[in-house]
Amino acid sequence: MEKVFKILIVLIGVVVIYGFYINSDNYIKNQDWKYGEGTHIGDWLGENSFEIESGIIKTNRGTARIVFSYGIKLIIENVETKERGLYFNKN
């Protein structure tokens, strides 16, 4: 029983660390994101087409707050209108 508990703790730790990693500014900045639906701050968010500072994405078409990244999906929220949008990872 004790071994199962230790393995479970390790697995939960790995999942939590991975969750923090895929939501980090560095991970999001190094991916190519394609517009899906909702609020729109650009059709394609590639390496040089946007900046991230303190969880805020800035493009030449708008500014949005990062809500959450699932690794393959990125949910953003427009800073001005509070409307949410969805982008898909194309890497």
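The preceding data block contains the structure.
The numbers attached to residues start from 1 for each chain and follow its sequence in the written order. Local features in this predicted model are restricted to residues whose pLDDT is 70 or higher, and side-chain atom pairs enter the listing and the counts only when it is 80 or higher, whereas totals over whole chains, interfaces and linings include all residues. Calculated side-chain values reflect all of the structure's heavy atoms, with hydrogen atoms and water omitted.

**Q** Would you mind going over the overall build of the chain with me for this structure?
**A** Think of it this way: any DSSP run of H or I at least four residues long counts as a helix, any run of E at least two long counts as a strand, and we number them from the N terminus. When its secondary structure is counted, the chain shows two helices and seven strands. Going from N to C terminus, the chain has its helices and strands arranged as α-α-β-β-β-β-β-β-β. With the radius of gyration taken over C-alpha atoms, the globule rule is written as 2.2 Å times the number of residues to the power 0.38. The C-alpha radius of gyration computed for the chain amounts to 16 Å, which surpasses the reference 12 Å derived for 91 residues by more than 25%, pointing to a less compact arrangement than a globule. Here the C-alpha coordinates of the chain stretch approximately 55 × 25 × 25 Å along the principal axes.

**Q** Would you mind going over the sheet that holds strand E6 (residues 73–78) with me for this structure?
**A** Strand pairs in the sheet, formed through backbone hydrogen bonds, run parallel or antiparallel to each other. The criterion for strand pairing is that DSSP finds at least two bridges linking the strands in question. Spatial strand order, E2-E1-E7-E6-E5-E4-E3: seven strands in an open sheet with antiparallel pairing. Across the chains shown, the open sheet's two edge strands, defined by having one partner strand only, are strand E2 (44–45) and strand E3 (51–53). Strand direction decides the pairing type here: E6 and strand E7 (residues 84–89), joined by five bridges, are antiparallel. Each residue of the ladder has a partner; that of Glu77, found in E7, is Arg84.

**Q** How should I be thinking about the environment of Asn78 in this particular structure?
**A** On the secondary structure map, Asn78 appears in strand E6. Among the residues examined, Asn78 registers a relative accessible area of 13% and is labelled buried. Separated by 14 residues in the primary sequence, Asn78 and Ala64 place their C-alpha atoms 4.3 Å from one another. With sequence-adjacent residues up to four places away left out, Asn78 is seen in contact with Thr39, Thr63, Ala64 and Glu83. Pairs of N or O atoms are called polar contacts if they sit within 3.5 Å, as long as, within protein, a hydrogen donor faces a hydrogen acceptor (for residues adjacent in sequence, only side-chain-to-side-chain pairs). Among the polar contacts made by the side chain of Asn78, one reaches the main-chain amide nitrogen of Thr81 at a distance of 3.1 Å. Only protein chains enter the accessibility calculation, which uses a 1.4 Å probe; a residue whose area is less than 20% of its type maximum is buried, one above 50% is exposed, and one in between is partly exposed. Two residues form a contact once any of their heavy atoms are found within 4.5 Å.

**Q** I would appreciate a short explanation of the pairing of strand E4 (residues 56–59) in the present structure.
**A** Regular strands place their side chains on alternate faces of the sheet. Burial along E4 is one-sided: Ile57 and Thr59 are buried, and none of Ile56 and Lys58, which face the opposite way, are. With three bridges connecting them, E3 and E4 associate as antiparallel partners. Opposite Ile52, over in E4, you have Ile57 as the bridge partner. Between the antiparallel neighbours E3 and E4 lie two residues, among them Ser54 with a positive phi of about 55°. As paired strands, E4 and strand E5 (residues 62–69) are joined by four bridges and run antiparallel to one another. Each residue of the ladder has a partner; that of Ile57, found in E5, is Ala64. Hairpin connection from E4 to E5: two residues lie between these consecutive antiparallel strands.

In short, shape yes, function no, at least from these values alone.
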